[in-house]
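# Structural characterization, general
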Amino acid sequence: MTRAATQNMTLVPGGTFWMGSEDFYPEERPVHQVTVDGFWMDTHPVTVAEFRRFVKDTGYVTTAEVAPDPADYPGADPSLLVPGSLVFTPPPGPVPLDDYTRWWSFVPGADWRHPEGPGSTVGGRERHPVTHVSWFDARAYAEWAGKELPTEAEWEFAARGGLDRTAFTWGDEHEPKGRPGGNVWQGEFPWQNLETDGFAGTSPVGHFRPNGYGLHDMAGNVWEWTADYFTANHASSGKNVAPASSCCIPTNPRVDKAEHDPREPYPRRVIKGGSHLCAPNYCLRYRPAARQGDTEETATCHIGFRCIIRP
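Definitions and cut-offs
- Residues numbered from 1 in each chain as written.
- Predicted model: local features only at pLDDT ≥ 70, side-chain atom pairs only at ≥ 80, totals over all residues.
- Heavy atoms only, no water.
- Helix = DSSP H or I, 4+ residues; strand = E, 2+ residues; numbered from the N terminus.
- Rg over C-alpha atoms; globule rule 2.2 N^0.38 Å.
- Buried < 20%, exposed > 50% of the residue type's maximum accessible area, 1.4 Å probe, protein only.
- Contact = heavy atoms within 4.5 Å.
- Areas by Shrake-Rupley, 256 points an atom, 1.4 Å probe, with all protein chains shown as cover.
- Lys, Arg positive; Asp, Glu negative; His and termini not counted.
- Charge placed at Lys NZ, Arg CZ, Asp CG, Glu CD.
- Polar contact = N/O pair within 3.5 Å; in protein donor to acceptor, adjacent residues only side chain to side chain.
- Salt bridge = Lys/Arg side-chain N within 4 Å of Asp/Glu carboxyl O.
- Core = buried A, V, L, I, M, F, W, Y, C linked by side-chain atoms within 4.5 Å.
- Phe/Tyr/Trp six-rings, centres within 6.5 Å; stacked < 30°, edge-to-face > 60°.
- Lys NZ or Arg CZ within 6 Å of the ring centre and 35° of its normal.
- Patch = residues over 30% accessible without salt bridge, like charges linked within 9 Å, V, L, I, M, F, W, Y side chains within 5 Å.

From N to C terminus, the chain includes three helices and eleven strands. When its helices and strands are written in sequence order, the chain yields β-β-β-β-α-β-β-α-α-β-β-β-β-β. Here the C-alpha atoms of the chain give a radius of gyration of 19 Å, agreeing with the 19 Å that 2.2 N^0.38 yields for 311 residues. C-alpha atoms of the chain, sized along the principal axes, occupy 55 × 40 × 40 Å. Looking at the chain as a whole, 50% of its 311 residues are labelled buried. Sequence-distant contacts in the chain: of pairs separated by 6 or more residues, those separated by 24 or more amount to 73%. Accessible area of the chain: about 13,900 Å², with a carbon and sulfur share of 53%. Placing the 28 positive and 40 negative side-chain charges of the chain at their respective mean positions leaves the two points 5 Å apart.

What follows is the structure, given as structure tokens:
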């Protein structure tokens, strides 16, 4: 492993840890022990500048820049089958939290270069995480860089930074010393953003303190794609959790078989870490154990990624 190959990466030691949580959302259960081997991980999410170099070198076109195939979305409104991505717009006041269309909208022309849609740019945001990237885009970048996307277990182990079974990457206190530990939502989501952390959207990578392994932005800022398919809980895949009668702890588990909903055109992959849109009153998921599933072609203003190298 050359120094050039691991530039801007951090060595994460292997070890055994308790994965998941019983204290928050059902999909994080059951808590179970997992062992992972050591690996190198990007010290921060892939930035706009880094992704730009990839596109310049390869001519790559992201998912959001290509019109969806009508065959994948039978019955869809033709006006929505154009290049674009999902953009967050805060409503003017409180709204029901069971209707995400109050704050999410598909914006034609929104992509990694135009994060708020046509007319917007990433000028001045070169050090911010790249957004509006699908799982396919993240995988393509990783392959170009000679890297891979982490498994869910690898990502969670790295996020914990050696603090086993704590709620957050920095411990159990929600806001250590009264200050946000990462770029997350302060106030009542989705309408009142107090910006106590100084940011309404993404923030430059490395702005907040790193975790115990020296990794930045493992909580908040942007969600991050992983290699694993999403399952309803850790036990449902049969790959992640050893039976109670087993004497063995799973080593380097990965979920490589999709639980595909036929109503969706693509299977779901696990995203981790939460984002600047996560809030205690709606999405308390800026925690190592937290997990969600998004379909592989999904691109939004709050999803990015980072890569790893396995020795």
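In this section: the side chain of Arg287. With respect to the secondary-structure elements, Arg287 resides in the loop between β8 (268–272) and β9 (292–295). Arg287 sits in the buried class, given a relative accessible area of 1%. Residues contacting Arg287, with those up to four places away along its chain left out, are Phe24, Tyr25, Glu28, Ala167 and Phe168.

Attention now goes to the side chain of Asp217. Tracing the chain through its elements places Asp217 in the loop between α3 (152–160) and β7 (223–229). Among the polar contacts listed, one links the side chain of Asp217 to the side chain of Asn221, at a separation of 3.3 Å. Leaving out residues up to four positions away in the same chain, Asp217 has contacts with Pro45, Pro204, Val205, Gly206, Phe208, Glu224 and Arg306.

In total, this model carries 16 salt bridges according to the counting rule given. We note a salt bridge from Glu148 to Arg310, for which the minimum N-O separation is 2.7 Å. Separated by 162 residues along the polypeptide, Glu148 in the loop between α2 (135–144) and α3 and Arg310 in the segment after β11 (308–309) bring together distant segments of the chain. According to the relative accessible area criterion, Glu148 is partly exposed, its value standing at 38%. Accessibility expressed as a relative area gives 25% for Arg310, which makes it partly exposed. When salt bridges with common partners are traced through the structure, they connect Glu152, Glu156, Arg160, Lys272 and Arg291 into a single cluster.

Glancing now at the nonpolar core. By size, the foremost hydrophobic cluster in this structure holds 31 residues, and its most contacted members are Phe51, Val130, Tyr141, Leu149, Trp225, Tyr286 and Phe305. Listing elements by their share of this core, those giving two or more residues are α1 (48–58), α2 and β7. Per-element accounting of this core gives the leading share, five residues, to α2. When residues no more than four places from it in sequence are discounted, the contact partners of Val130 are Val46, Thr47, Val48, Phe51, Trp112, Ile303, Gly304 and Phe305.

It is worth spelling out the packing of aromatic side chains at this point. One pass over the full model with this rule turns up 22 aromatic pairs. Each ring, one from Phe157 and one from Tyr213, has its centre 5.8 Å from the other, and the planes form 35°; the classification is tilted. Taken together, the positions of Phe157 in helix α3 and Tyr213 in the loop between α3 and β7 put the pair 56 residues apart, joining distant regions of the chain. Through a chain of ring-to-ring contacts, three or more aromatic side chains come together here, namely Phe51, Phe54, Tyr60, Trp112, Tyr141, Trp144 and Phe305. Lying across the ring of Trp135, Arg269 places its NZ or CZ 3.8 Å from the centre. Across the ring face of Tyr25, the terminal group of Arg285 is positioned such that the distance to the ring centre comes to 3.7 Å.

What follows covers a nonpolar patch on the surface. On the surface, a cluster of nonpolar side chains totalling about 290 Å² of accessible area is made up of Leu97, Tyr100 and Tyr282. With respect to the helices and strands, the residue Tyr282 is situated in the loop between β8 and β9. Residue class for Tyr282 comes out partly exposed when judged on its relative accessible area of 31%.

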